[in-house]
Amino acid sequence: MKTEKKSIRRIRNRGKRLDAWQLLLLFLLLCLTTVLGTIIWTMPENTSGLTDAVARLQEQSGVESPVTAVLLNFRGYDTLLEVMVLLLAVIGAWSLAKAPFSGQAADTGPVQMGVVRLLVPLMFLVAAYLVWQGSHLAGGAFQGGAILGAAGVLLLVTELLFLPAIPALPLRIGLVFGPLLFVVIALFCLCLTGHLLGYPEQAAGGLILLIETACAISIGLTLASLFAGGHPEDDHPQSVNPTEHSDKEEWP
Amino acid sequence: MIYSILTLFDIILILTMLWLAWCLLNTEDIFKAVVLFISFGLLMALAWVRMRAPDVALAEAALGAGLTGPLFLSALRRMNRTRKGERRLDSDENREKEHKANQEQG
């Protein structure tokens, strides 16, 4: 009993008294804050940064939105790596566990089903619109993909029965589709113009939209799979014959 | 520098975010921290809008608040299900076995 009381008191006192380690951390944090504050304070107020450079090259980029131009044309390599990071995250999650589906029909009320029926198509529509809008206003592959992922989360939360039955192969193809298309177009551009992701000027707009659409689908699937928290039901790495195992073909 | 009603809004926004950040770091209850984190993400999206970065705001609202929150919540649920000293993978399998046994009985 005494030790219990002591531990309770220790928990209550936590945050009130700081030990040496916490003091050191606090000191380091204060240093970081001071440095950041000084940098912001001494920054010249009216610099446009790279705005002028982007605006000058805007016509060549194939899109009207400067943000999309930077993300997918001028710094397309960064975006390619970001998409790859998401793919790596799913591979990590899939190698850890199987998606924990309960396998029984959840008792979803009629209101919830109605909301899902209304919202999911609307979310798909909004996602498509956001990807399309990316060429001239705010929006793009990540935003559209996030909305798609949220639609997937909504379906997963409702525990619809068809979700655990989704076979692994189409899911895998969907997950790699965006990044793969991105790489293929990048290599194609390398052959054509001599620069990785250096789109030919006339086709730039179309290629960017193509990449964004494919990536949005893959990102949406990626985020939904991450929420599902594991590989699908029919995906048994141990039970499959190693010669038939298709993992190596799909995850190069 | 022009002061307007928006300046007041900005100040309130910043203060609320700082307060929320402090609350979510200071709380003992992880569930409460996750909920506070989601609301922090929404306010952060608002802050990005005020900084005239609608692209980042959209991504923050959808990813920061809309997806990270549910991810945390589902991780929390799986953490709570795990008994002490048990791997999560085992707990999933055990649950499945229990469920199958229940089905056979019922």
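Computed from a prediction, not measured in an experiment: that's the story for all the values here.

A.B. asks: Please clarify how the overall build of chain B should be interpreted in this entry.
C.D. replies: Regarding its fold elements, chain B presents 4 helices and 0 strands. Walking chain B from its N terminus toward its C terminus, one meets helices and strands in the order α-α-α-α. Every one of the 106 residues in chain B was classed for burial, and the buried ones make up 27%. Only carbon and sulfur atoms are counted for the fraction: they give 67% of the accessible area of chain B, which is about 7,600 Å².

A.B. asks: I would appreciate a short explanation of the nonpolar core in the present structure.
C.D. replies: The tendency in soluble globular proteins is for nonpolar side chains to be buried side by side. In this structure, A:Phe182, A:Tyr199, A:Ile211 and A:Cys215 are the most contacted members of the largest nonpolar core, which totals 35 residues. Put simply, the parts of the chain that give this core at least two residues each are helix H4 (66-74), helix H5 (76-96), helix H6 (110-133), helix H7 (141-158), helix H8 (168-193) and helix H9 (204-228) of chain A together with helix H3 (54-81) of chain B.

A.B. asks: Help me understand the packing of aromatic side chains in this model?
C.D. replies: One pair of aromatic rings is described through two measures. These are the centre distance and the angle between the planes. Residue and element names in this part refer to chain B. Taken as a whole, this structure holds 1 aromatic pair over all chains when the rule is applied. Ring centres 5.5 Å apart and planes at 70° place the aromatic pair phenylalanine 37 and phenylalanine 72 in the edge-to-face group. Here phenylalanine 37, found in helix H2 (residues 30-50), pairs with phenylalanine 72, found in helix H3; they are 35 residues apart in sequence, far enough to count as distant. Phenylalanine 37 sits in the partly exposed class, given a relative accessible area of 27%. Note on phenylalanine 72: relative accessible area 38%, which makes it partly exposed.

Basis of the calculations
- Residues numbered from 1 in each chain as written.
- Chains lettered and ligands numbered in written order.
- Predicted model: local features only at pLDDT ≥ 70, side-chain atom pairs only at ≥ 80, totals over all residues.
- Heavy atoms only, no water.
- Helix = DSSP H or I, 4+ residues; strand = E, 2+ residues; numbered from the N terminus.
- Buried < 20%, exposed > 50% of the residue type's maximum accessible area, 1.4 Å probe, protein only.
- Areas by Shrake-Rupley, 256 points an atom, 1.4 Å probe, with all protein chains shown as cover.
- Core = buried A, V, L, I, M, F, W, Y, C linked by side-chain atoms within 4.5 Å.
- Phe/Tyr/Trp six-rings, centres within 6.5 Å; stacked < 30°, edge-to-face > 60°.

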